[in-house]
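Residue-level structure breakdown
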Amino acid sequence: MSILRIYARLAVASLRAKMQYKLDFLVNTLLWGALTTADFLMLAAIMLRFERVGGWDIYEVGLLYGMAWIATGLYRTFASELHNFDQYVVHGEFDALLVRPWPTLLTLLGRNLEPHRLGAVLQGAIILGLSARHLLAVGTLDRFGLVYVLASSFFGALIPFSLSLITAAFAFWVVRTGDLLTFTIHAPISASQYPLTIYPRWLKTLLLSVLPVGFINFIPVQYLLGKGGGPWALVFSPAVAVGFTLAAYGLWRAGERRYQSTGS
Amino acid sequence: MAPIVEARELTKVFRVAKDRRGLLGAIRSLFSNEGREVRAVDGISFSIDAGEFVGYLGPNGAGKSTTIKMMTGILHPTSGEVRVEGKSPQRSRREVVRRLGVVFGQRTQLWWDLPVRDSYELLAAMYGIKSREYQATLTRFDDLLEIGAFLDVPVRKLSLGQRMRADLVAAWLHRPPVVFLDEPTIGLDAVAKARIRSFLQEINRTEGTTIMLTTHDMDDIERLCTRVMVINHGRLVYDGSLEGLRQAVGAPSTLRIEYAAPPGTAPQGPWTLVSWEGNVVTIAFDRSRCTAADVIGRLGQYGEIRDVYMAEPDIESVVEQVYRRG
Amino acid sequence: MGAYWLLAKKAFRRNMQYRASHMVNNAASAIFGFIYIAVWQAAARNAGAGEYTAAVMARWVAFTQVMLWLAVFLPHGLGIPEAVRTGAVSLEMLRPVDFHLLVISRELGTVWYNAWFRSLPLALVFALAVGVHVPQRPATYPLLACAVLLSVYLGLCQQYLVGISSFWTVQARWAWQLVNTCQMVLSGFMVPIDLLPPPFSYLARALPFAPLLYDPARIYLELSGAEALAWPAIWAVLLTLICRSLTAKARRRLEVQGG
């Protein structure tokens, strides 16, 4: 409990620091909004023209898209320091985290929140809402399904978070990890906005194992919409998210020990 | 009484990898054993009693920072061990760092964009300091360092001297029994240095805080430390009193005297004449054999002194001397 | 002339040092390419959108991924923001060479490097995966060459404008993000601009981003002829004028304020 209290104190402090730069916040909100809108525009262009992708209609894909963006937006909001973590190792700033009597990950995450990225969560939620309304009306999705989808979007944030934590932990070995992010976060998240069935087998396997973004949305939604899978999908997805997070944290701890034994 | 800080056969070996560029290069060097070993710290042992004020000296790259990083649990020793209040900062990092204060002169540990007060409140929460204690500590430090004037100013707007004062208070906020200071006076002017020195002296005397200080400034050592350790090439080459260090070195201090008029003869005394040009005379003398006041008094017999300039041997040369002898 | 050539060569050499890590970027580009190709295959399987059939779109995606490294993925602001920050820019502007030409030619070295070490390997990967489109009409080849040159030049000019904005603002990053977002969605990358929903399709046609990818891709796939070069050419002239007038303004600012 005290861990949460400390995190909250740090998080509030980081927001107060942010508020000194109101123009930055405004412009960043607008630019990040433009980027997510642009991203949606590409999907909309394809879906409006062709109506179906791999047997999924625009509302069904909208569900996937909304969930992926809620999860990603939450991760980017709360774990932005993790996203660029290699800088801490490059400049030896990790030292400052080690001299505090709390887990390094806690103090790291508390250093910087990026509320301007909540716009992505909002956009994801709107698209998810519109899609779900239609799917409820035509009876493809039931009320339980809707609740599950909402809960899963938030739970799903654990998956990009863990992927990012793993990438950050790599920095303890290879120092610079900026290039790796494309593989571990950007590309998998882009891929998760469409039904995984459209991808070549090797890519699909990858997205359900090493880079398990399929469990953010595709696996449970596939079952909820009656497109395959079984009820196990509903239990399995959050279990994967939690298990993967624990494994990622284990790697982080190992990396931390390595940092301490090799120095910067 | 058991020592509060102890290092036993402390050794840190860095492996400097062959320089490979880029990510692939980094991955490749993971699996290769190429590269050479650097013994940054090589079998250092010492123990510090509670309340001691220890100066830790050495030229750049001698292993000072590496030692401090091992003492504070940031780095694991390759071999040997560290004990702070009997516990290993490596094995019980969080428990030990709770009882430590650390200041790195080069970078602040405060929240850059927030007022100093906010940083203190966050630290108070992190170290679980009770509100009444916190208030009392803050009042006391305001007396000593006059931080009250800039408590509500964001850290990024502080001058270097103010920032260092703020950082020192931050390190002492949780009343740690042991504090490590890495170059706390670097880049400061004489007034700011003096202020920080008197604070350190006072806090060491009244609170009994054990302090280990690394510095390049001989004056810091001279005014503060009861004990000096000198490290060079990763080895401890001297550990003892400052007086002992001086005697061991006998490095000459330099004195330049400007007379009102050129002296009639070359000044003679327990020193060596370095130069004599018109009314300016420069001599070198050994501090372990006579005091500066004595030397100046004797030089005064050769004419009216208008100005005196004295230069102490710099730390690099002191350490080099010690190293050559030790 | 010699100075410009020398700078381009230096930029090429500088990039050469990092070619191992650039291969990692290439692999990432290839993965993105495969994702987009799979999306298009799934969407346009039964009926494509007119001329944009599934087969055409696979090559479209491959071609634009390759072109990205020549016209879009260029150094942010062509290194001008750093030069402004460090003050080195006043030195560069004082040299008896044309600043706009100097920066553009220096970065042509980067583009040339990218062509060999990023675009070519990517093109080979995609050729193996989805095949190569070989233009049938001989006239396509000179047209494509012109389209690619215009695309590279316009891409460089857009980054140049981002860079020159740092004379007036410390946040050139914002200008870059804006330009980059436009370059992603309004250039024909992944989605041909005429398939975008209405207001965006007109906007995309009017702005100087479609000449980066859309026009060269249509010429390469022989969906358009010489007429597709007109608009890029007009924009090349316009952007040149804008770049040069802003350079003059920046120089005056530098002379008045001393950097």
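What counts, and at which threshold
Residues numbered from 1 in each chain as written. Chains lettered and ligands numbered in written order. Predicted model: local features only at pLDDT ≥ 70, side-chain atom pairs only at ≥ 80, totals over all residues. Heavy atoms only, no water. Helix = DSSP H or I, 4+ residues; strand = E, 2+ residues; numbered from the N terminus. Rg over C-alpha atoms; globule rule 2.2 N^0.38 Å. Areas by Shrake-Rupley, 256 points an atom, 1.4 Å probe, with all protein chains shown as cover. Polar contact = N/O pair within 3.5 Å; in protein donor to acceptor, adjacent residues only side chain to side chain. Contact = heavy atoms within 4.5 Å. Pairing = 2+ DSSP bridges. Axes fitted to C-alpha atoms, helices over the stretch in contact; angles between N-to-C directions. Parallel < 35°, antiparallel > 145°, perpendicular 65-115°, else oblique. Nonpolar A, V, L, I, M, F, W, Y, C, P; charged D, E, K, R; others polar. Buried area = accessible area lost by both parts, 1.4 Å probe. Salt bridge = Lys/Arg side-chain N within 4 Å of Asp/Glu carboxyl O. Buried < 20%, exposed > 50% of the residue type's maximum accessible area, 1.4 Å probe, protein only. 1 Å grid on protein atoms, 1.4 Å probe; cavity = no way out; pocket = protein on both sides within 12 Å on 5 of 7 lines; lining within 4 Å. Points joined across faces, edges and corners; volume = space filled by probe spheres on them. Left-handed = near helix turned anticlockwise from the far one by under 90°. Patch = residues over 30% accessible without salt bridge, like charges linked within 9 Å, V, L, I, M, F, W, Y side chains within 5 Å. Core = buried A, V, L, I, M, F, W, Y, C linked by side-chain atoms within 4.5 Å.

Further remarks concern the overall build of chain A. Scanning chain A for helices and strands turns up 14 helices and 2 strands. Against the 2.2 N^0.38 benchmark of 18 Å for 264 residues, chain A shows a C-alpha radius of gyration of 19 Å, consistent with a compact globule. Once the C-alpha set of chain A is aligned to its principal axes, its extents read approximately 55 × 40 × 35 Å. When the accessible surface of chain A is split by element, carbon and sulfur atoms take 67% of a total near 10,500 Å².

Residues and elements named next belong to chain B. Looking at the secondary structure, you find Q90 in the loop between β4 (79-84) and α3 (93-97). A polar side-chain atom of Q90 sits 3.0 Å from the main-chain carbonyl oxygen of M70. Among the polar contacts made by the side chain of Q90, one reaches the main-chain carbonyl oxygen of L75 at a distance of 2.7 Å. Those residues in contact with Q90 that sit more than four places away from it in its chain are M70, G73, L75, H76, P77 and V82.

All names here are of chain B. Strand order in this open sheet of 6 strands is β5-β6-β7-β3-β8-β9, and the pairing throughout is mixed. At either end of the open sheet lies a strand with only one pairing partner, and these are β5 (100-104) and β9 (235-240). On average, each strand axis in the sheet is inclined to that of its neighbour by 15°, with strand direction left out of account. Across 4 bridges, strand β3 (residues 53-57) lies against strand β7 (residues 210-214) in parallel orientation. Within β7, the position partnered with G55 by the bridge is L213. With respect to the sheet, helix α7 (residues 190-206) is in contact with β3, β6 (178-182) and β7, its orientation differing from that of β7 by roughly 150°.

The subject of this paragraph is unusual backbone geometry. Residues and elements named next belong to chain B. One non-glycine residue with positive phi stands out, namely E183, at about 55°. With respect to the helices, strands and loops of the structure, E183 is situated in the loop between β6 and α7. The backbone of H233 sits at a positive phi, close to 45°, despite the residue not being glycine. The topology assignment puts H233 in the loop between β8 (227-232) and β9.

Residue and element names in this part refer to chain A. At a minimum axis separation of 11 Å, helix α9 (residues 143-156) and helix α14 (residues 232-262) run at an interaxial angle of 10°. As far as their axial angle goes, α14 and α9 are roughly parallel. Residues F144, Y148 and F155 of α9 touch α14, and the partners they reach there are A233, L234, S237, P238, A241 and V242. Here the contact of α9 with α14 is built from residues that sort into 8 nonpolar, 1 polar and no charged.

Moving on, we get to the interface of chain B and chain A. The interface is formed by 31 residues belonging to chain B together with 33 residues belonging to chain A. A buried area of about 3,000 Å², summed over both sides, lies between chain B and chain A, and 57% of it is on carbon and sulfur atoms. Linking chain B to chain A there are 2 salt bridges. Two residues, K69 of chain B and D95 of chain A, come together in a salt bridge whose shortest N-O distance is 3.0 Å. Counting every contact that joins chain B to chain A gives 17 residue pairs in polar contact (both at pLDDT 80 or more). Of all the secondary structure elements, the ones that give two or more residues to the side of chain B that touches chain A are β1 (5-16), α1 (22-30), α3 and α4 (116-126) of chain B. If one sorts the elements of the side of chain B that touches chain A by residue count, α4 of chain B sits on top with 6 residues. Here the side of chain B that touches chain A is built from residues that sort into 17 nonpolar, 4 polar and 10 charged.

Residue and element names in this part refer to chain B. If you walk through the whole model with that rule in mind, you get 30 salt bridges over all chains. A salt bridge links D220 to R197, with the shortest nitrogen-to-oxygen separation between them at 2.7 Å. Residue D220 is located in helix α8 (residues 218-224), and its partner R197 is located in helix α7; the two are separated by 23 residues in the primary sequence. On the basis of relative accessibility, which here comes to 1%, the residue D220 falls in the buried class. Across the salt bridge formed by E258 and R306, the nearest N and O atoms sit 3.6 Å from each other. Of this pair, E258 sits in strand β10 (residues 252-259) while R306 sits in strand β13 (residues 305-311); the two residues are 48 residues apart in sequence, bridging distant segments of the chain. The network of salt bridges with shared partners includes E6, R8, E81, R83 and R91.

Okay, empty space enclosed by the protein next. The method is simple in principle: a probe with the dimensions of a water molecule rolls over the atoms, and the space it marks as empty is what remains. Under the definition given, this model contains 4 cavities of 30 Å³ or more. In terms of lining, the second largest cavity is formed by V99 and R100 of chain A together with L100, G101, V102, V103, Q109, Y127, D167, A170, A171 and H174 of chain B. Listing elements by their share of the lining of the second largest cavity, those giving two or more residues are β5 and α6 (160-172) of chain B. By residue number, the principal contributor to the lining of the second largest cavity is β5 of chain B, which donates 4 residues. Tallied by class, residues from the lining of the second largest cavity come to 7 nonpolar, 3 polar and 2 charged.

Attention now moves to the packing of helix α3 (residues 54-71) of chain C against helix α6 (residues 99-130) of chain C. All names here are of chain C. Look at α3 against α6: their axes get within 8 Å of each other, and the N-to-C directions meet at 165°. On the basis of their axis angle, the class for α3 and α6 is roughly antiparallel. In the crossing of α3 with α6, the sense of the turn from one axis to the other is right-handed. Residue-level contacts link A58, R59, A62, Q65, V66, W69 and L70 of α3 to V111, N114, A115, R118, S119, L122, A123, F126 and V130 of α6.

By the criterion of burial, α4 of chain B is predominantly enclosed, with 9 of the 11 residues buried. Those residues of α4 of chain B not exposed but buried are V116, D118, S119, Y120, L122, L123, A124, A125 and M126 of chain B. Contacts from the buried residues of α4 of chain B go to α1 (2-18) and α7 (104-109) of chain A together with α5 (131-145) and α6 of chain B. Once α4 of chain B finishes, G128 of chain B follows within two positions and takes phi at roughly 60°, a positive value.

Taken together, W112, W116, L120 and L124 of chain C make up a surface patch of nonpolar side chains, about 460 Å² in accessible area. Along the chain, L120 of chain C turns up in helix α6.

This paragraph deals with the sheet that holds strand β2 (residues 36-48) of chain B. Neighbouring strands of a sheet are bound in pairs by backbone hydrogen bonds; such pairs are parallel or else antiparallel. Residue and element names in this part refer to chain B. Pairing is antiparallel across the open sheet formed by 3 strands, whose spatial order is β2-β1-β4. If you trace the sheet from one side to the other, it starts and ends with β2 and β4, each paired once. Between one strand axis and the next, the sheet turns by 25° as a mean value, whatever way the strands run. Strands in contact with helix α2 (residues 64-71) are β1, β2 and β4; relative to β1, the strand with the most contacts, it is inclined by about 120°.

What follows deals with the nonpolar core. Residues I46, L82, F85, Y199 and W252 of chain A together with W40 and M190 of chain C are the most contacted members of the largest nonpolar core, which totals 194 residues. The greatest single-element share of this core, amounting to 13 residues, is contributed by α3 of chain C. Sequence-distant contacts of W252 of chain A, defined by excluding residues within four places in its chain, comprise L82, F85, F94, T104, L105, L108, L165, A168, A169 and F172 of chain A. Formed by 59 residues, the second largest nonpolar core is a distinct cluster that contains L114, Y134, F141 and F199 of chain B.

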